[in-house]
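One-letter residues, chain by chain:
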Amino acid sequence: MADRMSKAEFIALIAMMFATIAFSIDSMLPALPEIGQELSPDAVNRAQLILTSFVLGMGIGTFFTGPLSDAFGRKPVIYGGAALYILASAVALFSSSLELVLAARVAQGLGAAGPRVVAMAVVRDLYAGRQMARIVSIAMLIFTLVPAVAPLLGAGVIALVGWRGIFLSFILFSTIVVLWMGLRLPESLTVENRRPFRGPLLADAVRQMFAHPTVRLSIMVQTLCMGTLFTMLTMVQPVYDVIHDRAESFPFWFALVALMSGSASLLNAALVVRLGMRRMVTWSLGAQIVFTACMIASGWVEMSPDARFGLFVAWQTAVFFMAGTTLGNLNAIAMEPMGHIAGMAASVIGAVATVLAAAIAAPVGLLFDGSMAPLTTGILLMCGLGFALMLHMGRIEERVIA
C-alpha cells in the first residue's frame, strides 16, 4: 500500500468511510419537517422514522458485512454496500410516499454497513498494535467533526434544491468514496487469508455471547445507551422547532453541541485506565439519571424561554457526552471474554445492540406530543434500567473474584 497511498491519505479515506453513517443520519435532521408535511401531512411526526429505519438497516447489515468480507475480500463487500447505498438513495430521491422512503432508508442502512464495518477490518489488515490504534484515533477524531457539520450541510442543500437534494448528496458522497478507494487502495485481504462464510459459525457466536453473563449484560446496557442516543436524535429537531421555535438556528446549535460532546472520548481515555470500564459506564449512567431528573423537575420551575432553552442545550450535550463515555467501554467489556471469536463477536455485538436500540427509539420518538415528557421520561427509564444492570454486573464480577 505504501507505494500507492500515503498514511495521511489512508487515514482520510478511512475517516470518510466511517463518516458515511453520521452523514446519512445527521444531515437528514433539518429535512424532517418538510418531509413530514409533504409525504405524511396527517401525521408529520412519522418523518422521524427516516432516522430509525436507516439505523435498523445498518444494524442488520452489521451482522453480515464483517464475515462476508472475511470470505470474499474487503473491496468487493465495500463495492456491494456502496452500490446498494447509491441505489437506495436514488429510490428515496424519487419516492412519492413516506413508506417507500422508509423502505429505501432501510436498504440504505444495509448498504452503509459495508464501508463502515469493513473499513475497520482494512485497518486491522494493514496495521497492528500502536500504529493501528493511532490511525483509528486520528480517523475517529476527523469523524467526530461530521455530526457537527452534517445538519449545516443538509440545511444548505435544502435551501438550494429542497429536501430531495440530500439524497443526491448521499449518491455523490458514496460515489467519491468508492472511486477513491477503488483507484487508490489495493485489496488488503489476500486470497489465502480468507475464511469461508458459514452460518453455523455465526449462530454459534451468538449462542456463546448470550450464554456469558457479563457479555449479555453489556449488550443489554449498550442497547439502552444507544437507544438513549437515537431517541434524542429522533426528537431533537422537533424540540428545537415546536417547543423552542428555533428551527432556523437548529443546525448551528447542533454543531456546537456535537463539538462540545466530542471531548467525551478524550475524557474517557484519560480516566478509563484509572477507573476501569465498568465503573466509567456506571458513573456516566448515574450522572445522566441525575441530569435527566433535574430536567424533568425544571418543568415545574418558572424561568424565561431563553433560560429553558439553554437548559435543554446543556442536557442535550450531556446525553451526547454520555454516549462517548459508555458505548466504547461497553463494547470493550463485551469483547474481552470473546477473544477467540473476536471478528464474529464484533459483528454480533454491533448488530444486536443497534437493531434493538432502533426498535426502542422508533416508538418513543413517535410519542412526541409537543412537550418534553416523552423524551425526558424515555431517557430516564433507559438510563435507570442501564444503571441497575451495571450494578448487577458488578455483583457478578465480585462473586467471580470471590
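The shown structure was predicted, so the numbers you read here are calculated from the model rather than taken from an experiment.

### Regarding the overall build of the protein
Right, on to step 1. Per the secondary structure count, the protein includes 16 helices and zero strands.
Right, on to step 2. The C-alpha atoms of the protein give a radius of gyration of 21 Å, which matches the 21 Å a tight globule of 402 residues would have.
Right, on to step 3. In terms of overall dimensions, the protein has C-alpha extents of about 65 × 60 × 35 Å along its principal axes.
Right, on to step 4. Each of the 402 residues in the protein was classed as buried or not, and the buried ones make up 52%.

### What to know about the nonpolar core
Right, on to step 1. Phe 10, Met 28, Met 232, Phe 312, Trp 315 and Leu 375 are the most contacted members of the largest nonpolar core, which has 104 residues in total.
Right, on to step 2. Beyond its immediate stretch of four places on either side in the chain, Phe 312 contacts Met 232, Val 236, Val 239, Tyr 240, His 244, Met 295, Met 372 and Leu 375.
Right, on to step 3. Counting twelve residues, the second-largest nonpolar core is a separate cluster that includes Ala 205, Ile 219, Met 344 and Val 348.

### What to know about the side chain of Asn 329
Right, on to step 1. Structurally, Asn 329 is set in helix 14 (residues 305-335).
Right, on to step 2. Using a relative accessible area of 4% as the deciding quantity, one classes Asn 329 as buried.
Right, on to step 3. Beyond its immediate stretch of four places on either side in the chain, Asn 329 contacts Asn 268, Val 272, Met 277, Met 280 and Val 281.

### Things to note about the side chain of Asn 45
Right, on to step 1. Following the sequence through the fold, Asn 45 ends up in the loop between helix 2 (32-39) and helix 3 (49-72).
Right, on to step 2. Among the polar contacts made by the side chain of Asn 45, one reaches the side chain of Gln 48 at a distance of 2.8 Å.
Right, on to step 3. A polar contact of 3.2 Å, which involves the side chain of Asn 45, links it to the backbone oxygen of Gly 365.
Right, on to step 4. With near-sequence residues (within four places) excluded, Asn 45 lies in contact with Gly 365, Leu 366, Leu 367 and Phe 368.

### A few points about the packing of helix 13 (residues 277-297) against helix 14
Right, on to step 1. With their axes 9 Å apart at the nearest point, helix 13 and helix 14 run at an angle of 160° to one another. Classed by the angle they form, the pair helix 13 and helix 14 counts as roughly antiparallel. At the point where helix 13 passes helix 14, the crossing takes the left-handed sense. Contact with helix 13, carried on its side by Met 277, Arg 278, Met 280, Val 281, Ser 284, Leu 285, Gln 288, Phe 291, Thr 292 and Met 295, involves Leu 311, Phe 312, Trp 315, Ala 318, Val 319, Met 322, Thr 325, Thr 326, Asn 329, Leu 330, Ala 332 and Ile 333 of helix 14 and no other residues of that element.
Right, on to step 2. Residue composition of the contact of helix 13 with helix 14, by class: 15 nonpolar, six polar and one charged.

### Some details on the environment of Ile 166
Right, on to step 1. As for its placement among the helices and strands, Ile 166 is situated in helix 8 (residues 164-184).
Right, on to step 2. Sequence separation between Ile 166 and Ala 31 is 135 residues; the distance between their C-alpha atoms is 8.4 Å.
Right, on to step 3. If we ignore the near neighbours within four places in the chain, the residues touching Ile 166 are Ser 27, Met 28, Ala 31, Gly 154, Val 157 and Ile 158.

### Re helix 12 (residues 264-275)
Right, on to step 1. Those residues of helix 12 not exposed but buried are Ala 264, Asn 268 and Val 272. Taken around the axis of helix 12, the buried residues stretch over an arc of 55°, which confines them to a single face. Pointing more than 90 degrees away from the buried face of helix 12 are the exposed residues Leu 266, Ala 269, Val 273 and Arg 274.
Right, on to step 2. Elements in contact with the buried residues of helix 12: helix 11 (250-261), helix 13 and helix 14.
Right, on to step 3. Just downstream of helix 12 lies Gly 276, where phi reads positive at about 95°.

### A closer look at the pattern of salt bridges
Right, on to step 1. Throughout the structure, instances matching the rule amount to eight salt bridges.
Right, on to step 2. The partner of Arg 184 in a salt bridge is Glu 9, and the shortest N-O contact between them spans 2.8 Å. In this pair, Arg 184 sits in helix 8 while Glu 9 sits in helix 1 (residues 7-26), placing the two residues 175 residues apart along the sequence.
Right, on to step 3. Given a relative accessible area of 18%, Glu 9 falls into the buried group.
Right, on to step 4. Residue Glu 38 is joined to Arg 164 by a salt bridge in which the shortest nitrogen-to-oxygen separation is 3.1 Å. Of this pair, Glu 38 sits in helix 2 while Arg 164 sits in helix 8, and the two are 126 residues apart along the sequence.
Right, on to step 5. Note on Glu 38: relative accessible area 46%, which makes it partly exposed.
Right, on to step 6. On the basis of relative accessibility, which here comes to 23%, the residue Arg 164 falls in the partly exposed class.
Right, on to step 7. Within this structure, Asp 70, Arg 74 and Asp 125 form a network of salt bridges that share partners.

Rules of the game
- Residues numbered from 1 in each chain as written.
- Predicted model: local features only at pLDDT ≥ 70, side-chain atom pairs only at ≥ 80, totals over all residues.
- Heavy atoms only, no water.
- Helix = DSSP H or I, 4+ residues; strand = E, 2+ residues; numbered from the N terminus.
- Rg over C-alpha atoms; globule rule 2.2 N^0.38 Å.
- Buried < 20%, exposed > 50% of the residue type's maximum accessible area, 1.4 Å probe, protein only.
- Core = buried A, V, L, I, M, F, W, Y, C linked by side-chain atoms within 4.5 Å.
- Contact = heavy atoms within 4.5 Å.
- Polar contact = N/O pair within 3.5 Å; in protein donor to acceptor, adjacent residues only side chain to side chain.
- Axes fitted to C-alpha atoms, helices over the stretch in contact; angles between N-to-C directions.
- Parallel < 35°, antiparallel > 145°, perpendicular 65-115°, else oblique.
- Left-handed = near helix turned anticlockwise from the far one by under 90°.
- Nonpolar A, V, L, I, M, F, W, Y, C, P; charged D, E, K, R; others polar.
- Arc of directions from axis to C-beta.
- Salt bridge = Lys/Arg side-chain N within 4 Å of Asp/Glu carboxyl O.

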